[in-house]
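# Architecture and fold: a report
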Amino acid sequence: MSMRVVESWLACGNRIAALWTKSHSLLRRKKKWRPIGRMLGYRDLHAVCVEANLPVHVYDDPKTVVSELTRAADRLRPDVLMTVITGLIIPSSVLSIFGSRAINCHPSLLPHYRGPVPTCGMLVDGRANDFGGVTFHVLDERVDRGPIIGQRHLPREAYSNNLVWEGARAEAASDIVRDDVNRYFSGSLAATVQPLGS
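One structure accompanies this document, and this report is about it. None of the values given here were measured: they were computed from a predicted structure.

Let's shift gears to the packing of helix α1 (residues 2-11) against helix α8 (residues 162-186). It is the contact of α1 with α8, at a shortest axis distance of 8 Å, that shows an interaxial angle of 35°. Taken as a pair, α1 and α8 cross one another with a handedness that is right-handed. For the pair formed by α1 and α8, the contact residues are Arg4, Val5, Ser8 and Trp9 on the first element and Ala170, Glu171, Ala173, Ser174, Val177, Arg178, Val181 and Phe185 on the second. Within the contact of α1 with α8, the residues separate by chemical class into seven nonpolar, two polar and three charged.

To continue, consider the nonpolar core. Grouped together as the largest cluster of nonpolar side chains are 35 residues, with contacts concentrated most on Val134, Phe136, Ile149 and Val181. Elements supplying a minimum of two residues to this core: α1, α3 (45-51), β4 (102-106), α7 (128-131), β5 (133-138) and α8. Counting residues per element, this core draws most heavily on α8, which supplies ten residues. With residues near it in sequence (within four places) discarded, valine 134 still touches Met1, Cys105, His106, Ser108, Leu109, Gly150, Gln151, Arg152, Arg169, Ala172, Ala173 and Ile176. Counting residues in hydrophobic clusters, the runner-up holds 13 residues, among them Tyr59, Leu69, Val94 and Phe98.

The next point concerns the sheet that holds β5. Hydrogen bonds along the backbone pair up the strands of a sheet, which may run parallel or antiparallel. Across the sheet, which stays open at both edges, the four strands sit in the order β3-β4-β5-β6 with mixed pairing between neighbours. Each end of this open sheet is capped by a strand with a single partner; those strands are β3 (81-84) and β6 (148-153). Along the sheet, successive strands turn relative to each other by an average axial angle of 10°, direction set aside. Pairing of β5 with β6, which is carried by five bridges, proceeds in the antiparallel orientation. In the sheet register, phenylalanine 136 faces β6, and the bridge partner there is glycine 150. Most of the contacts of α8 go to β6, to which it runs at about 150°, and overall it touches β4, β5 and β6.

Rules used in this analysis
Residues numbered from 1 in each chain as written. Predicted model: local features only at pLDDT ≥ 70, side-chain atom pairs only at ≥ 80, totals over all residues. Heavy atoms only, no water. Axes fitted to C-alpha atoms, helices over the stretch in contact; angles between N-to-C directions. Helix = DSSP H or I, 4+ residues; strand = E, 2+ residues; numbered from the N terminus. Left-handed = near helix turned anticlockwise from the far one by under 90°. Contact = heavy atoms within 4.5 Å. Nonpolar A, V, L, I, M, F, W, Y, C, P; charged D, E, K, R; others polar. Core = buried A, V, L, I, M, F, W, Y, C linked by side-chain atoms within 4.5 Å. Buried < 20%, exposed > 50% of the residue type's maximum accessible area, 1.4 Å probe, protein only. Pairing = 2+ DSSP bridges.

So far we have only geometry, and geometry alone does not tell us how the molecule works.
Structural data, given as structure tokens:
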């Protein structure tokens, strides 16, 4: 999903000052995933980063990345912070730099299945048809509770297997970046407060 979000962000004429990832392995698709990626017409994130000449930073310790993000924000002066399916909780010291221009891509229909591993939770609970999809929302101090910018509902039963479903969610995230996120940052779309959820 990260690769499709990065590609769409760049295709909209935006730039990326820097990209952080938890490990080098996330930049290279494992061999068992490559046939699926090729079947769906995907390139791997590593290829996208190399082609776009993106500075990539690898972090092991979440505390390290927070201090790096703060220093990078001071040095690079980016106007947007975007996270994609991250387990990292962005502290208020970083969020305050970006305000409502800090956003996240979450792999469920918020407000349902907030927090880590929503896909596993939906599948185990038998609710992937109800809440399967993608949400972009504004980051705030509460995990996955910020105002919603855009969502796409993708029920699991509509896809032949989980890999095809994941591919569809990646495409939905790409579509949200090109449409809703672009309109949000241009001021023609307002984010909406999340309703109560699970």
